[in-house]
Amino acid sequence: MSRWRDDAAPRRARPPQVAGALARPRLAQALTSARVLLVTATAGYGKTTTLATHLEALGAAAWLTLDPDDHDPRVLASGLALALSGLPGADELGVLHDQGAAPLSLARRAARLLEEQRATLVVDEAQHAAHGEAAAVLRALLGARVALLSRTPLDWPELTALELGGEARRLEAAELAFTPDELAALMQANRVQLTGPHLRAAHRLTEGWPIAARFLAQALRQGRISPGELDTLDPHAQGLGTLFSYLAREVLGPLDENLRVFLTRSSVFEDLSEGLLTQVLDEPNAGAFLAALAGGGTFLTRAGDTFRAHPLLRAWLRAQLSDDDAVLLARRGAAHYEHTGRPRRAVAAHLQGQQPMAAARLLALHGRTWLRAGRGRMVERALVRLPGECWAEWPALYTLLGDTHRAASRYPEALEAYRRAPHPDGPLGQVQVYLDTVQPALAGELLQDLRLREADPGVVDRMQAENALNAGQLERALQLDPALALSARYALRRGDLQRALLLARQAASGEVGGERTAGNHREALLLDSFLSALLGEPHDALDRAAAGQAEGERLESPFVRALARTRQGHALLAAGHDPPAETAYRSALEEAQGIAPRLTVEAHMGLAYLEALAGQDGGHRPAALHAAGHSGDRYMCGLARFTAALGTVHRLQRRTEAPDPATLQTLHAQLDEAAAEFLACGDTFGQDAVQLARFAAGVGPALPALLAAHRAPFLLSRPSLLAPARRRAGRARVLSALRVAARREQLPWTLQGIEAALGYPSGVPDSHPGHEVQVQLLGQLSLRVAGHEVREWGRAKARDLLTLLAVTPGGLARDAAQEALFPDSEPGVGERNLRVTLHALGALLEAGAPSGFFLDRGEWLRLRPGPDLQVDLHGAEALLAQPPGTPGRSERLLRLPSSVTDSVLEAVQAAAARYASALPPALAAEGAAALAAGQALLAETLADHALRLDPAEESAARVLMRARYQLGVAAGVHRAYTACCGALGSLGLTPLPETVALYRALTSLAP
């Protein structure tokens, strides 16, 4: 009898207690995304905490923590038996172990047990069994659900194959690191409130390393570190003493003496290479030492031919060196960098080596190049360490300092630095500030002065051209710089939105992820977002704004971040999501504080629209107009005026009563002012948008609106940010009124494309009411008219009549409806009751619409089909009729309700039966298509859903068996077949021969 139970420590089979750990939904979703999970990261990245915190998400689960003894496969096998002892059927493992079964055989039986119980085994510290016979034991588990947590990579061929098949998922340090949002949540959980800049500084300092983030949160909460200290790293910071003790224990503690000394001395440098350390440290084994440190689960990571330690580790390691040693090593490193042509690295080394004049020389020569490559933080940190004599020797450093402040959106500081810089660079820098912040009025005088001082004419011409573009002087801009005709901003301000979008997307492909400084309002992604919102593609606009936000974070640009939030607001507003749009605008205003007034215009503009939409007279319209007017940007003045007026136009469309004359007079004046601004700056699109808004509000003629719709059809066919009506039906109403006006004034009708885009291939109907009707039959009966759910039906039978008409899309005879609704009534009574019921239903459907628009009430009763009346059952039936494998069909099938609303009407009951019998086979067929496309997990989900609706649906059972076979869950194949047999047996049936044959083929067993 084996003594394995005595040797196996129970603590190894218990997941650690993680009370108070931060929930991370992003990772919880990733943990369940594959059958096999491999989590690889060095100490402190939260591997154990993440799995323990989200263990419930895995369902039935067991835990095993390894230690160095587990390199012995017998010890590892004992741990497996102990870890799984709580699962049903686990006694067999203990018996096998007692009988002296080979560890590999026991591991294979453990894998089958995990399959049978649909359980997951979490193996922590798996690096202890990464090689040799112990690795074979772990690899035998890969056929089951298992999560392997390791400090070092597990490069097993089986894992690679599983990854290629979509059955394995790797999570590494990059995924485990805290995002800025998660770091903010951690700080809040620790009652630490950080502003945006301080939060970003904390994220830079920790690089999302979870253990460092937690220690930092504790230090901030206890006052050992202040938020203002986060932007400068002090290697001797006492506030992080707890973290440094952790580093000493986890990093240096396990290392042998040679590696410990090597790692400590190398901490002087950020990027470590064999050549550098061989020469500077005089260490012939530098290459082998670097490889050993990177491969041993420490905090050294490899990027190409160089290695890098976490900045907090470097800071602490440097503190272990004497000042003399650090200076000596830094000077030797600076010489090496200069000799090998790497001046940027030499600057940092010179500063550490107490040679500031040498660093200043390199900064003066190369700093602006580094800045253009996106190295602003490095340049700034070097500049602040230079003593006064360096600035006197190299006055061009003031220009570099101004450029650095400008890149970081610190414009007052940039202007001050430029004033101290030599000519002409100093005045040129001041002009660049005003170009960056779109303030043409402030740039004009300086540009004229530059002419007098004989600055480079080419540079001045280009600046004057951009300034003219910013002021809305398109012809002058093109005269000064013809190349502007190829820019997205020129095309936008000219009103050529499609060309502007094409140019913006071309530019974005060269910007994203590149080494550069922020382009502010020139950022191509954010131009793309704005154009997409104008062109009526709000989802694209939101995606581009999010990507632009990420670029702003990467470039560390407050200007870009604020503008991205504004463009998110525009996208949300175009999509009709007003509350989140308002949140985005207010967040943008908060981010823009202290940067530049011009940056606030668009956010104020969006909020002014929302105020006008709500009928409020707030302060955002004057704030937008003041900031735009002060900057001298007429295009933005026009946009701000028009957007606020458009809010009033849209508000009036929601009212049933006629607007008062004073409101119309004010609106007319506001639209005239906007049109004048657009005309002055040459924006044809802005003029077209105003013309359509005038007509929609009833204060403008038809002919200019018709021409505008012809030139900018998307203003009516899509949900443009500047559309004359917000909803499709509202735009259809404007189009209907245009068509009536064109007929009345005998004008040619050329807007058939817009009609088709809105769903009227035969032409938009006259007198469109401007709203839609939605009838819900799936689940519970519901009627929504103009976005509002009907609560009071007037007559109880109106509900039944609506349901009856909805399940008979072709309509039915009046006497058939009367018989169905009033079967026991006398003919005269039944006819009168039907007439009253029809009137009640018509009043509900056609409130504000002409009679007969939604409901035919003659001898043949019918809900009139079209884009303005939707019945969810009709959409579901169309979806069921689509071929399996149609893109998006599987997700939509899974979202369908399981049944049609209850009703005593035979026609409704028949429709419900048809729907209930059609849905499970459609799900099964879609599952078969997913299997053919290699999507076994999706196929399993579809088939399982079908069988929940109808356990006897054999086609779904066959798909489920095949899916589970492909997923490697043999026990699941048997369960699916057994459940199918049971469901059929309850109906007195047996499986079809093809079902039996499939089961035998997949399991090689008789049923």
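Each value, and the rule that gives it
- Residues numbered from 1 in each chain as written.
- Predicted model: local features only at pLDDT ≥ 70, side-chain atom pairs only at ≥ 80, totals over all residues.
- Heavy atoms only, no water.
- Helix = DSSP H or I, 4+ residues; strand = E, 2+ residues; numbered from the N terminus.
- Buried < 20%, exposed > 50% of the residue type's maximum accessible area, 1.4 Å probe, protein only.
- Contact = heavy atoms within 4.5 Å.
- Areas by Shrake-Rupley, 256 points an atom, 1.4 Å probe, with all protein chains shown as cover.
- Lys, Arg positive; Asp, Glu negative; His and termini not counted.
- Charge placed at Lys NZ, Arg CZ, Asp CG, Glu CD.
- Phe/Tyr/Trp six-rings, centres within 6.5 Å; stacked < 30°, edge-to-face > 60°.
- Arc of directions from axis to C-beta.
- 1 Å grid on protein atoms, 1.4 Å probe; cavity = no way out; pocket = protein on both sides within 12 Å on 5 of 7 lines; lining within 4 Å.
- Points joined across faces, edges and corners; volume = space filled by probe spheres on them.
- Nonpolar A, V, L, I, M, F, W, Y, C, P; charged D, E, K, R; others polar.
- Salt bridge = Lys/Arg side-chain N within 4 Å of Asp/Glu carboxyl O.
- Polar contact = N/O pair within 3.5 Å; in protein donor to acceptor, adjacent residues only side chain to side chain.
- Core = buried A, V, L, I, M, F, W, Y, C linked by side-chain atoms within 4.5 Å.
- UniProt positions renumbered as here; feature names shortened; annotations may be inferred.
- Axes fitted to C-alpha atoms, helices over the stretch in contact; angles between N-to-C directions.
- Parallel < 35°, antiparallel > 145°, perpendicular 65-115°, else oblique.

1. Structural notes on the overall build of the protein
Here is step 1: Helix and strand counts for the protein stand at 53 helices and 15 strands.
Here is step 2: Each principal axis of the C-alpha atoms in the protein carries an extent, and together these give about 110 × 100 × 45 Å.
Here is step 3: For the protein, the proportion of its 1007 residues judged to be buried stands at 53%.
Here is step 4: By sequence separation, contacts in the protein at least 24 residues apart represent 64% of the contacts at least 6 residues apart.
Here is step 5: Roughly 44000 Å² of accessible area belongs to the protein as shown, and the carbon and sulfur atoms make up 52% of that amount.
Here is step 6: Averaging the positions of the 104 positive and the 110 negative side-chain charges in the protein gives two centres separated by 1 Å.

2. As for the packing of aromatic side chains
Here is step 1: Considering all chains together, one arrives at nine aromatic pairs under this definition.
Here is step 2: When the centroid spacing of 5.2 Å and the interplanar angle of 75° are considered together, the rings of F262 and F289 count as edge-to-face. On the criterion of sequence distance, the pair formed by F262 in helix α14 (residues 257-266) and F289 in helix α16 (residues 286-295) is long-range, its members being 27 residues apart. Note on accessibility: F262 and F289 belong to one class, buried.
Here is step 3: Ring geometry for F642 against F678: centres 6.4 Å apart, planes inclined by 75°, an arrangement best described as edge-to-face. Note that F642 is positioned in helix α37 (residues 634-653) and F678 in helix α38 (residues 661-681), a separation of 36 residues in sequence.
Here is step 4: Note on F642: relative accessible area 0%, which makes it buried.

3. Describing helix α53 (residues 993-1003)
Here is step 1: Among all positions of α53, only T995, V996, L998, Y999 and L1002 are buried. The arc enclosing the buried residues of α53, seen along the axis, measures out at 160°, which places them on a common side. In this structure, α53 carries P993 and A1001 as exposed residues pointing more than 90 degrees from its buried face.
Here is step 2: In this structure, the buried side of α53 is in contact with α51 (954-966) and α52 (970-985).

4. Considerations on the layout of surface pockets
Here is step 1: In this structure, the second largest pocket spans a volume of roughly 1300 Å³.
Here is step 2: Lining the second largest pocket are 41 residues, and of these Q653, R654, R733, P769 and G770 sit closest to its centre.
Here is step 3: Put simply, the parts of the chain that give the lining of the second largest pocket at least two residues each are α37, α39 (684-697), α42 (728-744) and β11 (788-789).
Here is step 4: For the lining of the second largest pocket, the element with the most residues is α42, which contributes six residues.
Here is step 5: Of the residues that constitute the lining of the second largest pocket, the class distribution is 19 nonpolar, twelve polar and ten charged.

5. Considerations on the environment of L31
Here is step 1: Following the sequence through the fold, L31 ends up in helix α2 (residues 25-31).
Here is step 2: The residues contacting L31, other than those within four sequence positions of it, are L37, T50, L51, H54, L58 and L171.

6. Section: the pattern of salt bridges
Oppositely charged side chains are able to pair whenever their charged atoms sit close together.
Here is step 1: Counting across every chain of the model gives 62 salt bridges.
Here is step 2: Across the pair R544 and D528 runs a salt bridge whose closest N-O atoms are separated by 3.0 Å. Linking R544 in helix α32 (residues 538-555) with D528 in helix α31 (residues 524-534), this pair joins segments that are 16 residues apart in sequence.
Here is step 3: A residue is classified by how much of its surface remains accessible, and D528, at 1% relative accessible area, is buried.
Here is step 4: Close ionic contact of R598 with D633 constitutes a salt bridge, the shortest N to O distance being 3.2 Å. Of this pair, R598 sits in the loop between α34 (578-592) and α35 (601-613) while D633 sits in the loop between α36 (620-631) and α37, and the two are 35 residues apart along the sequence.
Here is step 5: Three or more residues joined by partner-sharing salt bridges are found here, namely R368, D403, R406, D436, E466 and R522.

7. Here's the deal with the side chain of R493
Here is step 1: Topologically, R493 is positioned in helix α29 (residues 488-494).
Here is step 2: A distance of 3.1 Å separates the side chain of R493 from the backbone oxygen of L469, its partner in a polar contact.
Here is step 3: Those residues within four positions of R493 in sequence are excluded, and the remaining contacts are V438, L469, N470, G472, L474, R598, D633, Y635, C681, G682 and D683.

8. As for the nonpolar core
Here is step 1: L492, F642, L722 and L738 are the most contacted members of the largest nonpolar core, which totals 83 residues.
Here is step 2: Beyond its immediate stretch of four places on either side in the chain, L738 contacts L692, F695, A702, A705, L706, L716, W749 and L751.
Here is step 3: Ranked by size, the runner-up nonpolar core spans 77 residues in total, among them L873, L905, L967 and L984.

9. Structural notes on the UniProt feature "domain: Bacterial transcriptional activator" (unreviewed entry) in the protein
Here is step 1: Here the UniProt-annotated "domain: Bacterial transcriptional activator" (unreviewed entry) positions come out as residues 871-1003.
Here is step 2: For residues 871-1003, the end-to-end C-alpha separation is 46 Å, with 74% helix and 1% strand making up the annotated structure.

10. Some thoughts on the packing of helix α4 (residues 73-83) against helix α7 (residues 132-139)
Here is step 1: Across the interface, α4 lies against α7 with an axial gap of 8 Å and an inter-helix angle of 25°. What the angle tells us is that α4 and α7 run roughly parallel. Contacts between α4 and α7 involve P73, L76 and L80 from the first element and E133, A134, V137 and L138 from the second.
Here is step 2: By residue class, the composition of the contact of α4 with α7 is six nonpolar, no polar and one charged.

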